[in-house]
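As a plain string of letters, each chain reads:
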Amino acid sequence: MFLLYEYDIFWAFLIISSVIPILAFLFSGILAPSSKGPEKLSSYESGIEPMGDAWLQFQIRYYMFALVFVVFDVETVFLYPWAMSFDILGVSVFIEAFIFVLILIVGLVYAWRKGALEWS
């Protein structure tokens, strides 16, 4: 039978860990000075007078590389527990993991053919 009282510690931890940051933001918003002068609104460059505009546009290839990295990083996070318990799980889970890796390889080939992995 599923008993909810076994999760009392979890719910207490969840509520406390949610309330502390909310209170910290509220107190800092109430206690912080709210003067917004030209010095406060200028960009900080290690004590040197700022030159030019602080807003820069990054090329999309940085985001594409980051996205491909995150996809394959998450893949390793999913595959590591599978690899540690491979002998217990059996062949059906091997087939599922193989399909998972195959889908990721298809995505990598697609990104490669679209030129998302080329830097120049």
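If you're wondering where the values come from, they're calculated on a predicted model, not measured in any experiment.

### Quick look at helix 3 (residues 60-84)
Its 25 residues place the ends of helix 3 37 Å apart at the C-alpha level, agreeing with the 36 Å of an ideal helix rising 1.5 Å per residue. Burial in helix 3 covers these residues: V68, E75 and L79. Packing partners of the buried residues in helix 3 comprise helix 5 (91-113).

### Here we look at the side chain of E75
Locating E75 in the fold gives a position in helix 3. Of the buried charged residues, E75 lacks a salt bridge, with R113 as the closest side chain of opposite charge at 18 Å. Setting aside residues up to four positions removed in sequence, E75 forms contacts with F100, V101 and L104.

### Section: helix 5
It helps to recall that an α-helix has 3.6 residues per turn; residues three or four apart then point in one direction. If you check helix 5, its first and last C-alpha atoms are 33 Å apart, about what 23 residues at 1.5 Å a residue would give, namely 33 Å. V93, A97, L104 and A111 are the residues of helix 5 that are buried. On its buried side, helix 5 packs onto helix 3 and helix 4 (86-89). Following helix 5 by one or two positions, G115 adopts a phi angle in the positive range, close to 85°.

Conventions and cut-offs
Residues numbered from 1 in each chain as written. Predicted model: local features only at pLDDT ≥ 70, side-chain atom pairs only at ≥ 80, totals over all residues. Heavy atoms only, no water. Helix = DSSP H or I, 4+ residues; strand = E, 2+ residues; numbered from the N terminus. Expected span 1.5 Å × (residues − 1). Buried < 20%, exposed > 50% of the residue type's maximum accessible area, 1.4 Å probe, protein only. Contact = heavy atoms within 4.5 Å. Lys, Arg positive; Asp, Glu negative; His and termini not counted. Salt bridge = Lys/Arg side-chain N within 4 Å of Asp/Glu carboxyl O.

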